Amino acid sequence: MVLTTKQKKLVRTTIFLGILLISGFSAISNSKLGIESVSEQKNHIKNTPSSSAFWKNTSIIIDATATINTTHSGNWTWAAAQDWCKGLGTWDQPYRIENMTFEADYNMNGLLIANSNEFYFEINNCTFLNATTSSQFAGLNLNNAANGTITECNMSTSYYGLLLDGGCDNITITYNNATENNRGGIRLGQNAINNTIAFNNASDNDGPGIWLYRADYNHIYNNTVNNNIIDGSQGAIYIYSADGNLVFNNTAFDNSNAQIGLRDAENNRIYENKIGGGNYGIYTVSFSHNTSVINNSIYNSNTGININGGHKNNILDNDINNGNIGIYFSSSDNNTVQDNRVIDNIQYGIQLYSSDNSNFIENTISNSGSSSSFRIIGSNNLTLFDNIIDDKGLFLDQSYHNQINQGNTVSGKPIYYYEDQDDLDLNGDIITNIGQLFLINCNRAQISNFNIRDVSVGIYIDTGNQLSISNNNVSNNYNFGLNLKNTNQSSITGNIASNNLYTGMNLLNIDHCSITSNTVNDNNRGIYCENDDPDDWDEEDPDLSLLIGENTFSENNANNNKQHGMETRYSKFDTISNNICFNNTQDGIYLEYVYNSTISNNQVINSSQDGIGCYYSQNNNIFENEVINTTNAGIYLEYANHTKIVYNIIELNGEGISLYDTHHVSIENNEITSNVRNGIDFEIANDTKITGNIISLNSQTGILIDTDSYENIIFRNIFIQNTVHAEDNGFSNQWYNQNIGNYWDNYTGSDLDDDGIGDTSHSILGSANNFDLYPIFGITLPLFIETPINASFTVNQTQILNWTVQDYIIWGSTYTIFVNGTEVGSGTWESDAQFSFDLQSLNLEAGVYNVTVVVSDGMENSAENSILVIINPEIGGEPQKISGWLIFLFIVLGLSVISVSSMLVLKKTKPEKYDLVMEKLKGFFSNLKNIGKSDT
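Residues numbered from 1 in each chain as written. Predicted model: local features only at pLDDT ≥ 70, side-chain atom pairs only at ≥ 80, totals over all residues. Heavy atoms only, no water.

An unreviewed UniProt entry lists the chain under the name NosD domain-containing protein, from Promethearchaeum syntrophicum. What UniProt records for the chain under Pathway (unreviewed entry) is the sentence "Protein modification; protein ubiquitination." (UniProt positions renumbered as here; feature names shortened; annotations may be inferred.)

A. The arrangement of the packing of aromatic side chains in detail. If you walk through the whole model with that rule in mind, you get 34 aromatic pairs. Measuring from ring centre to ring centre gives 5.8 Å for Tyr95 and Phe119, while their planes differ by 50 degrees; the resulting arrangement is tilted. Placement of Tyr95 in strand S5 (residues 95-98) and of Phe119 in the loop between strand S7 (111-116) and strand S8 (121-124) is noted, with a sequence separation of 24 residues between them. Taking relative accessible area as the criterion, Tyr95 reaches 7% and is therefore assigned buried. Taking the relative accessible area as the measure of exposure, Phe119 reaches 28% and is therefore partly exposed. Centre to centre, the rings of Tyr175 and Phe199 are 5.0 Å apart; their planes meet at 5 degrees, and the pair counts as stacked. Highlighted residues: Tyr175 in the loop between strand S13 (169-174) and strand S14 (177-179) and Phe199 in the loop between strand S16 (196-198) and strand S17 (210-213), separated in sequence by 24 residues. Phe199 matches Tyr175 in its accessibility class, with the two residues each being buried. Each residue in the set Tyr159, Tyr160, Trp211, Tyr213, Tyr238 and Tyr240 is aromatic and connected to the rest through ring pairs, giving one cluster. We note Arg187 situated over the ring of Trp211; from NZ or CZ to the ring centre the distance is 4.4 Å. Just above the ring of Tyr478 sits the side chain of Lys392; from NZ or CZ to the centre is 4.7 Å. (Phe/Tyr/Trp six-rings, centres within 6.5 Å; stacked < 30°, edge-to-face > 60°. Helix = DSSP H or I, 4+ residues; strand = E, 2+ residues; numbered from the N terminus. Buried < 20%, exposed > 50% of the residue type's maximum accessible area, 1.4 Å probe, protein only. Lys NZ or Arg CZ within 6 Å of the ring centre and 35° of its normal.)

B. Up close: the environment of Ser203. Among the structural elements, Ser203 can be located in the loop between S16 and S17. In this structure the C-alpha to C-alpha distance between Ser203 and Thr224, which are 21 residues apart in sequence, comes to 7.0 Å. Side-chain polar atoms of Ser203 contact the side chain of Asn201, separated by 2.7 Å. Within the structure, Ser203 has its side chain in polar contact with the backbone nitrogen of Asn226 (distance 3.0 Å). (Polar contact = N/O pair within 3.5 Å; in protein donor to acceptor, adjacent residues only side chain to side chain.)

C. Structural detail: the pattern of salt bridges. Using the criterion set out here, one finds 11 salt bridges in the structure. In this structure, Arg444 and Asp422 form a salt bridge, with 3.8 Å as the shortest nitrogen-oxygen distance. Within this pair, whereas Arg444 is found in the loop between strand S45 (436-440) and strand S46 (446-448), its partner Asp422 is found in the loop between strand S43 (413-419) and strand S44 (425-427), the two being separated by 22 residues in sequence. Arg677 serves as the salt-bridge partner of Glu655, at 3.1 Å between the closest nitrogen and oxygen. (Salt bridge = Lys/Arg side-chain N within 4 Å of Asp/Glu carboxyl O.)

D. Fine view of unusual backbone geometry. One non-glycine residue, Asn107, lies in the positive phi region at around 60 degrees. Assignment of secondary structure puts Asn107 in the loop between strand S6 (100-103) and S7. We classify Asn107 as partly exposed; its relative accessible area is 38%.

E. Just the confidence of the model for the chain, in detail. Residues at a pLDDT of 70 or more form 85% of the chain, whose mean pLDDT is 87. Low confidence marks residues 1-53, where pLDDT is under 50. Its contacts with residues over four positions away, or in another chain, come to 77 contacts. For the stretch residues 920-936, pLDDT sits under 50, and the model shows one contact to residues farther than four places along the chain or on other chains. (pLDDT = per-residue confidence, 0-100. Contact = heavy atoms within 4.5 Å.)

F. Structural view of the pairing of S43. Of all the seven residues making up S43, six are buried; the element is thus mostly covered by neighbouring parts of the structure. Relative to S43, strand S42 (residues 409-410) runs antiparallel, the two sharing two bridges. What sits directly across from Thr409, in S43, is Pro414. Linkage of S42 to S43, two consecutive antiparallel strands, is achieved through a turn of two residues, within which Ser411 is found at a positive phi near 50 degrees. Pairing between S43 and S45: five bridges, direction parallel. Bridge pairing links Tyr417 to Phe438 in S45. (Pairing = 2+ DSSP bridges.)

G. Quick peek at the state of the cysteines. For the structure on display, the rule yields zero disulfides. Cys126 provides the cysteine sulfur closest to Cys153, a residue in no disulfide bond, and the two sulfurs are 4.8 Å apart. (Disulfide = S-S within 2.5 Å.)

H. Expanded view of a negative patch on the surface. There is a patch of like negative charges on the surface, built from Asp532, Asp533, Asp538, Glu539, Glu540, Asp541 and Asp543. If you trace the backbone, Asp533 turns up in the loop between strand S53 (525-530) and strand S54 (552-554). (Patch = residues over 30% accessible without salt bridge, like charges linked within 9 Å, V, L, I, M, F, W, Y side chains within 5 Å. Areas by Shrake-Rupley, 256 points an atom, 1.4 Å probe, with all protein chains shown as cover. Lys, Arg positive; Asp, Glu negative; His and termini not counted. Charge placed at Lys NZ, Arg CZ, Asp CG, Glu CD.)

I. Seen up close, the sheet that holds strand S84 (residues 822-828). Within the open sheet, the five strands sit side by side as S81-S87-S86-S83-S84. Their pairing is mixed. Across the chains shown, the open sheet's two edge strands, defined by having one partner strand only, are strand S81 (791-794) and S84. Each strand of the sheet is rotated relative to its neighbour by a mean of 25 degrees, with strand direction disregarded. Summarising the sheet, strand S83 (residues 814-819) and strand S86 (residues 847-856) pair through six bridges and their orientation is antiparallel. Residue pairing for S86: Ile817 is matched across the bridge by Val853. (Axes fitted to C-alpha atoms, helices over the stretch in contact; angles between N-to-C directions.)

This is the structure we're talking about:
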């Protein structure tokens, strides 16, 4: 027969009450105590103590073993002779002290009863005050005493209101007020055993209301313990190194730390208490093992139940509501958590950290306000069966060898959990009713077409290689859309991971993976990739063998994220290309400890911090990106040595390029324009080369060099319409290279020898008093092509031609290749560097061909040149020998082809020169008619 939850609760309650009747209440009903039952006490003891001012005295000491009596001390015989004490000390006629006010003298207790194990006594309706000086004093202090009853007393303004120490047992403490004491209300000290504390008010103390220290097998029930101010890990009811105690049916609210706290305490039972407020409802710490927490109602505590370091605990049938975390385990193993209702907690319903071998069965967790309802970190060998998780679902991290069945549901949908299974084919078109998907140590899985939203993490994968994750929609989740870690050679393609509260794609320790064509918008972080920080890492001389990487991030959209659009840490040889990063609140692309990677052809627009930020990274290439309209720098380098920044468009940013404590950088062929402050800003930057850039329309300075930057070289740049073109406050910086400087649109010198270089130097603003000794003069500049000589090849032979261009301006540099007037190739070139073309790709037949190349730069300078190429035929696998007359014929025909093809190119590129040449050719052919015929 299967029991319902309500029936299970009834069975547990019945069993517990049976145990309670046998073990708990036996001490109360034991005839040796000589006291009435609790119900009998209620019949004749008032809930509100009577006035206790009938007699008043200062500190009194009753020591049952005393042989000398004084005015304020003596044995029980002496005490019984006083007006305030009556009785014989027997079970039926105990010594009775009542209606007395004890106001302690300095360094004394109000009343001390010591060494009284053979007598019975009662203290009723007394007031104890002002025993304040140290921890050994209390309003009422029992030391090595037994068989006492303390009822309806007021204990206040003392160090402790009531202190039992030195081996007190079988003491019943009921219906007392222990309030407003300096260190605690009621304290049971070492070897205080089998005592009962019930129906007391222990509130408003500076310290625990009820405190057990090395006191075992006591019963604490039906007490009110509110508004105590508690230090550290203590609780309003605090059990420290005390075992086998029963704490039930108490009320504890709004105490500053824990309402019930246990430290180094074993085999205690916490049952049916109503508690709330403060940092913790129930808090166990250190070696508190075998604690049973059953059927408690806990409200409004920061953490409802906190189990820290104790093992083999049972958390059953509790209501834990309206706190921050419902149930929290840390370094606590072998627990059972069953049938709890954890509702309306602000952060997590249940959270585990480094806690293994525990069972979580049939709990209900709902309305958790944070990123997950059930959070498991670093915890292994768990069993999760049939838990109802109504809202944000399950979150795992670094947790393995768990059993999680599909009876666990998230908003009514099952959780699918796979571990140690390879070659899975999981398709959301087939598995349509899914709450969450978890894969642990699964290789070669295909995961596609899922739509998982409104949970902590949509798809979670830890450890698995050669995975294919495609066309999933994991949006609107509370932690991550996709969480992928410890994988290599995997593909993440065509997924949507947007509107996740934390990260769209969280990628950890991935290697040789491809992340392409994903949409990752409107998250807190877009695409986040981080590998482990290697031990013994030397930032100055990193050992790249310690890093993984070689990932490709391409054609992704990472827009409108609250932090970085794309972020990579501790990686090498990555490629980040052709991505769009628009309107991210921090950086569009952020790199930290990244080495030998390429960032190219990305569009980074409207970043609220930097467009591309590069920190503690080396040997990276940043080229052909568009970085536009960022608040800080378009490209920012900090401790990022040996970086190349080439062919980027950098405009409308706060700073164009900003360098901080960064050296050996190359900034070449960029368009740096219309930035709010400076085009390029140096701060502690040395050995940097800046060449071939167009630096224009920057509102403050084109290039600004601070006082700590030196030995930088700046040449072949174009400065146009900056408020200030350049300011050099450093030293040993050079504004030219050999005989080439920069173009300045405000240069006032002349170029009388027409060599393109100004005849006088150009002064650079700044404290360095520097000069450009070879300023480029004018816009039209010389451009030269080093052309290969006429060439001869054989059909089917490699037919490579090489050209080299020399130019002052290398921004916007292009080339076009024509064969017999037909365009066959084009590309870009760099000054003093070769570009090549293989004619074999055209499959040319044997013959003579004109090959013309036309080059131009970004300043509308151009040049062209042509060569003659002979393609020899191939006969029988051997080149044919061509006669001299045939070669002569080829040359004549080739010259004709050269003339025609050159004219076609000239007509396309420079029509005015074409017209002039045509006029000259007409005259040439007219003169040719007058030449007589000849046999030669």
